[in-house]
Amino acid sequence: MPAGSSGTYHRRLCEGDGSVLPVGRRPVSAPLRVGPQGSRSGLPGTLRVSRGRRPCARPRRTRQVARSGVGPAAAEGRAAGISSLTMDPECSQLLPALCAVLADPRQPMADDTCLEKLLDWFKTITEAGSSLLLLQGNPCLVELLCHMLKPQDLSSRVLAFSLRLTGVLAAQEDCFQYLQQGELLPKLFGEAGPLGGAAWTSPTVRSGWIQGLRSLAQHPSALHFLADCGAVDTIFSLQEDSSLFVASAAGQLLVHILGLSMPGPAGGPPSLQAGDWPACAQKIVGHIEESLRATATPQITQALNVLTTTFGHCHDPWTQVLWVRLSPLVAGLLEKDPVPAAHSLVDLLLSVARSPGLSSSSCGLWETLAQTLSHLSPTQAGPLALGILKLQDCPQALRAQAFAVLLQPLACVLKATAQDPGPSGVLDGIVGDSMTADMLLPSKAACVGLLCRTLAHLELLLPLPQRPCPWPQAPLLGAAVTLLQLCGGSARPTSDAGRHLCALLLGCVRVQRAALDFLGTLSEGTGPRELVTQVFAVLLEYLRSPDSSPTVLKKAFQATFRWLLSSPKTPGCWDLDPHALLFLRDLLPVLQKRLCSPCWEVRDSGLEFLTQMTRHWGGQAGFRHALLASEVPKLTEQLLRDPESYVRASAVTAMGQLSSQGLCVPPAGPEHPGGQQKSLLAELLHILSTDSEGFPRRAVMQVFTQWLRDSHADVAGDTEQFVAGVLQVASQDLDWEVRAQGLELALVFLEQTLGQPRSHCPCAVTPAVAAPVGPLAQALQPLCRVRLFEFAFRALFDCDRPVAQKSCDLLLFLRAKTASSGSLQESRSSPHVASVEAALQRWQAGDQAQPLGDLEPEVVLAVLRSLDLEGLQGALAESSDHVEKSPQSLLQDMLATVGVLGGNEADCY
């Protein structure tokens, strides 16, 4: 634009009457076919994509298509679809009409999802090319922004969108100057814009104003603009906004402006003199200093949060100078009682400690951290202590101090519950005064909160390589056991503090859950035999107690399993040690009782625990003898008919594991002449065929797949009959996960039939199918007899994409395995091949009523060669709305919703 033409430019673009521009009517694009076309045999091998639904044989089952803005498909659309396209002529023709609609307050507004996608599209265009050329080629965009300045009842969403769009466009300096010449930027972001109007009362507008400035602030011209229009002062005030989102965004914008105004690594470190800093930086740092000296906690919190983000994201040399300048003010907060904004102070100190330049410099950081640990309460100091212990490079004295702070609450518990005076072990001496006890005992809320946080911190610290060494395993075990005893009521403290602590913690589920989690984590270490005995005793106590809640019981089962896993093993033997077997004999009657609980969550947890134990020790003599001597297998079999579907599913899994290990005892009586093993197979097939809930049916398919993989005795007897029966039932199931698991079973059978090496469990009777020794036709005959190909081809056109993808993968695997074999010549022109291909075309069109019948290997291979499986695989990999993700479609949809494109419905909303 020539110099001196800004006035004409502004009058021409920003003084219109705001009327809606005329627009031509363009039809909404019709549904498309996507995928490869023209296979060798005439079978398209394509996937029809329609608006929201894919044709299928079973109308009651429709493809799960995520609508725009909801679920993963929306994320795909924004991240991959819209963002990969640029402006084209069709979009340029639709854009004026859309801008006119957005500028007209009488028109109904598009939803937030449409505006977000539209903004993403503009971001992509500006990232790939020139924003200035975009504006010059589409003057309707500037007209839209000018309309936002008129005194009219604008939608807050459209105004926020326009502010953000302005920031995206002005991020390029030449476009910034173009908009600045027209005085558009000062009127949108200055006092003359939304700041002084009624629209400013909307958090959406304030957020859009901040985000627009955030996008705009990318170059030196933007810094001068921010200083001249008074935006920085407005950002200061927005830090106290009633909307947490607006307040947080304001703080992040200050960090961005500060980083933009300071020199980078090449510029060298800035001077410590405030007068030598850039104007914006001086103003922001001065505001932070003023806030740190304030008496109001919210102001201090805002300043600390800004500094935390600054040191977390900026690692240039100037941050060292900033910390040296501000650290005395930060340390001064510790002199106040109580310490204000303690949580934000901890976040700041840890952010500084993690900064590469600051943690290695001599700026007094470690001294400040040590001082902070000694001034904060145990509740406040816990996160700081954990953060210090996670640091890679930290003075040993500071690590010791942090670990002592972290252990204080547990040391207090041990000291308060000691049966006789004397030392309480390694933790004794950590409690140097009464502060921890005072913080622990005044109220139940304070006591419970501090203990749960302490246990969670120690649980996070335990697996880390930089955890303190030596690790006080025995005292921590004792503290965890003591806490569980206090909560369970079995502790008998003699001191007043211990009795008060017992009264506070009795029946506290939160502490029970936290202590059981921590106890399970401690199983990774070792401990004295007497302490391990106490661990098993307290776990058994919780499993027996009628007062244990379902969640506590679940965690008790989990902790018990972890401790059984860590029990000492005899060299050369993986069986449970004698102490663990004694515990197991006491545990099984408790498990038996829990399997009869009226609470379904308890029954479910018991079955999961049984499955885990059987999987690990089902082949060991001690465990087998103890389990078979109990009623647990019989009760588990009865739970196959439990009224709760989750329990039935867990019972199916448990029975499948028991059967694989030969731990199902044949029932006594003439009604089961075939024995329990055969009865279980029939029972599971009955569940797969008739159960009304999906969870048990999925569990049955998983058990059957594992049985086939491990050559289970029942499966090895007649593998083809087993596979054929399961696939027939699974093909009719309405649950897509059952059908997908059926394909997994088919793949296992396919691999075994073609001679793929498979690992078999030690209890397997015989391999399911031997490796083929004859020609390829002989190898494929078993697959044809079990109708595996009809099942796979039907699944290839399934309404649920995961099933179709899995079927496509299976058929591709089969074609690759048979491609190199020249022993079988398929006849592509035979009538049978044509008949099958015609049937598959009908299946793809939605008519799957006609079965394929008996297939010969030659026909199967011919059809496999004709199918464009790679093209179908690519089409299935597309998101559900990939056809409607184009910018043109988005613009058409937005116009259709307001009737500008009358007679055409929106194609994806």
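Residue numbers here run from 1 along each chain, matching the order of that chain's written sequence. Local features are withheld for residues below a pLDDT of 70 in this predicted model, meaning they are given only at 70 or higher, and side-chain atom pairs are given and counted only at 80 or more; totals for whole chains, interfaces and linings count all residues. Processing note: side-chain calculations cover all non-hydrogen atoms of the structure and skip hydrogens and water entirely.

As for the overall build of the protein chain
Step number 1: From N to C terminus, the protein chain includes 45 helices and 2 strands.
Step number 2: Taking all 909 residues of the protein chain together, the buried fraction comes to 53%.
Step number 3: Residue contacts are defined here by distance: any two heavy atoms, one from each residue, within 4.5 Å place the two residues in contact. At a minimum sequence separation of 6, the contacts of the protein chain that also span at least 24 residues come to 73%.
Step number 4: Throughout, the Shrake-Rupley method with a 1.4 Å probe supplies accessible areas, and for residues the shown protein chains are the sole cover considered. Here the protein chain displays about 38300 Å² of accessible surface, and carbon together with sulfur accounts for 54% of that area. Labels follow the DSSP assignment, with helices taken as runs of H or I lasting at least four residues and strands as runs of E lasting at least two, numbered in each case from the N terminus. Using a 1.4 Å probe on the protein chains alone, a residue whose accessible area is under 20% of its type maximum counts as buried, one over 50% counts as exposed, and one in between counts as partly exposed.

Comments concerning helix H21 (residues 396-416)
Step number 1: Residue count minus one, scaled by 1.5 Å, sets the expected span of a helix. In this model, H21 (21 residues) spans 29 Å end to end at C-alpha, consistent with the 30 Å of a helix rising 1.5 Å per residue.
Step number 2: For H21, the principal kink sits at Gln 408 and spans about 45°; a proline, Pro 409, occurs within the next four residues.
Step number 3: Of all 21 residues that make up H21, 15 are buried, and the element is covered over most of its length. In this analysis the local bend is the angle between axes fitted, respectively, to the seven residues ending at and the seven residues starting at the residue.

Comments concerning unusual backbone geometry
Step number 1: Put simply, Asp 337 and Pro 338 share a cis peptide bond, and its omega is 0°.
Step number 2: Assignment of secondary structure puts Pro 338 in the loop between helix H16 (318-332) and helix H17 (342-354).
Step number 3: With an omega of 5°, the peptide bond between Cys 469 and Pro 470 qualifies as cis.
Step number 4: Following the sequence through the fold, Pro 470 ends up in the loop between helix H23 (444-461) and helix H24 (473-488).
Step number 5: Its identity as a non-glycine residue notwithstanding, Ala 341 has a phi of 50°, on the positive side.
Step number 6: With respect to the helices, strands and loops of the structure, Ala 341 is situated in the loop between H16 and H17.
Step number 7: The phi torsion at Arg 787 lies on the positive side, around 60°, for a residue other than glycine.

Looking at the environment of Leu 685
Step number 1: Among the secondary structure elements, Leu 685 is positioned in helix H34 (residues 675-690).
Step number 2: Residue Leu 685 is classed as partly exposed on the basis of its relative accessible area of 28%.
Step number 3: Spatially, the C-alpha atom of Leu 685 lies 10.0 Å from that of Phe 722, the residues being 37 residues apart in sequence.
Step number 4: If sequence neighbours within four positions are ignored, Leu 685 has contacts with Phe 704 and Val 726.

A look at the packing of aromatic side chains
Step number 1: By convention, a stacked pair of Phe, Tyr or Trp rings (six-membered ring in the case of Trp) has centres within 6.5 Å and planes under 30 degrees apart, an edge-to-face pair has planes over 60 apart, and any other such pair is tilted. Summed over all chains, the structure comprises 12 aromatic pairs.
Step number 2: Ring centres of Trp 121 and Phe 122 lie 5.2 Å apart, and the angle between their planes is 35°; this geometry places the pair in the tilted category. Here Trp 121 matches Phe 122 in class, with each residue buried.
Step number 3: Aromatic side chains Trp 600 and Tyr 646 sit 5.3 Å apart centroid to centroid with 15° between the ring planes, which places their arrangement in the stacked category.

Quick look at the packing of H24 against helix H27 (residues 529-544)
Step number 1: Viewed as axis vectors pointing N to C, H24 and H27 meet at an angle of 25°, and their least axial separation amounts to 10 Å. With respect to H27, the axis of H24 lies roughly parallel. Helix-helix and strand crossings are classified by hand; for H24 and H27 the assignment is left-handed. Counting all contacts with H24, which are made through Ala 474, Leu 477, Gly 478, Val 481, Leu 484, Gln 485, Cys 487 and Gly 488, the residues of H27 involved are Leu 531, Gln 534, Val 535, Val 538, Glu 541 and Tyr 542.
Step number 2: All residues other than Ala, Val, Leu, Ile, Met, Phe, Trp, Tyr, Cys, Pro, Asp, Glu, Lys and Arg, Gly among them, are scored as polar; the first ten of these are nonpolar and the last four charged. Partitioning the contact of H24 with H27 into residue classes produces 9 nonpolar, 4 polar and 1 charged. To get an axis, a line is fitted to the C-alpha atoms, and for a helix only the part in contact is used. The angle between two axes follows their N-to-C directions and goes from 0 to 180 degrees. Comment on the angle field: the value is read as roughly parallel under 35 degrees, roughly antiparallel over 145, roughly perpendicular from 65 to 115, and oblique elsewhere. We call a crossing left-handed when the near helix sits turned anticlockwise from the far one by less than a right angle, and right-handed when that turn is clockwise.

As for the pattern of salt bridges
When their charged atoms lie close together, side chains carrying opposite charge are able to pair.
Step number 1: In the sections that follow, a salt bridge refers to a side-chain nitrogen of Lys or Arg positioned within 4 Å of a carboxyl oxygen of Asp or Glu. Applying the stated rule across the entire model yields 26 salt bridges.
Step number 2: Among the ionic pairs, Glu 116 bridges to Arg 164, the shortest N-O distance being 2.7 Å. One end of the pair, Glu 116, is in helix H4 (residues 112-128); the other, Arg 164, is in helix H7 (residues 156-169), and 48 residues separate them in sequence.
Step number 3: One salt bridge connects Arg 698 with Glu 737, and the closest N-O pair in it is separated by 3.3 Å. Separated by 39 residues along the polypeptide, Arg 698 in helix H35 (residues 694-709) and Glu 737 in helix H38 (residues 736-753) bring together distant segments of the chain.
Step number 4: Given a relative accessible area of 22%, Arg 698 falls into the partly exposed group.
Step number 5: The exposure class assigned to Glu 737 is partly exposed, which follows from its relative accessible area of 33%.
Step number 6: One network of salt bridges, with partners in common, ties together Glu 637, Arg 641 and Glu 683.

A look at the environment of Leu 864
Step number 1: Tracing the sequence through the fold places Leu 864 in helix H43 (residues 857-866).
Step number 2: By relative accessible area, which is 0% here, Leu 864 ends up buried.
Step number 3: Here Leu 864 is in contact with Phe 793, Leu 811, Leu 814, Arg 815 and Leu 869, once residues within four sequence places are set aside.

Concerning the nonpolar core
Step number 1: Here, the term nonpolar core denotes a set of buried Ala, Val, Leu, Ile, Met, Phe, Trp, Tyr and Cys residues that are joined through side-chain atoms within 4.5 Å. Ranked by internal contacts, the top residues of the largest apolar core, which has 278 residues, are Trp 209 and Met 613.
Step number 2: Sort the elements by how many residues they give to this core and H21 lands first, with 10 residues.
Step number 3: Beyond its immediate chain neighbours, meaning those up to four positions away, Trp 209 contacts Leu 163, Leu 188, Phe 189, Leu 195, Trp 200, Ala 231, Thr 234, Ile 235 and Leu 238.

Observations concerning the side chain of Thr 753
Step number 1: Note on placement: Thr 753 falls in helix H38.
Step number 2: Thr 753 sits in the buried class, given a relative accessible area of 3%.
Step number 3: Within 3.5 Å is the distance limit for a polar contact, defined as a pair of N or O atoms, with the added protein rule that one can donate a hydrogen and the other accept it, and that residues adjacent in sequence qualify only through two side-chain atoms. Within polar-contact distance, the side chain of Thr 753 engages the backbone oxygen of Phe 749 at 2.7 Å.

What to know about helix H31 (residues 621-628)
Step number 1: Residues of H31 that are buried include every one of Gly 622, Phe 623, Ala 626 and Leu 627, and no others. The buried residues of H31 occupy an angular sector of 120° when the element is viewed end-on, so they sit on one face. For H31, exposure combined with an orientation more than 90 degrees from the buried face picks out Ala 621 and His 625. Directions pointing from the helix axis toward each C-beta atom define the arc.

Looking at the confidence of the model for the protein chain
Step number 1: The predictor's confidence in any single residue is recorded as pLDDT, a number from 0 to 100. Here the protein chain shows a mean pLDDT of 81. Residues at 70 or above account for 78%.
Step number 2: Within the model, pLDDT remains below 50 along residues 667-677, and this stretch shows 13 contacts once partners closer than five positions in the same chain are excluded.
Step number 3: Every residue in residues 902-909 scores below 50 in pLDDT, and together they form 23 contacts with partners more than four places removed in sequence or on other chains.

Overview of the side chain of Ser 597
Step number 1: Of note, Ser 597 is situated in the loop between helix H29 (578-594) and helix H30 (600-617).
Step number 2: Here the side chain of Ser 597 touches Cys 599 through a polar contact of 3.1 Å, landing on its backbone nitrogen.
Step number 3: Discounting residues that sit within four places of it in the chain, Ser 597 has contacts with Val 602 and Arg 603.

Examining the packing of H4 against helix H45 (residues 887-897)
Step number 1: Contact geometry of H4 with H45 gives a least axis separation of 11 Å together with a crossing angle of 145°. H45 is crossed by H4, and the crossing has left-handed handedness. Contacts from Cys 114, Leu 115, Lys 117, Leu 118 and Trp 121 in H4 reach Pro 887, Leu 890, Leu 891 and Met 894 in H45.
Step number 2: Residue composition of the contact of H4 with H45, by class: 8 nonpolar, no polar and 1 charged.

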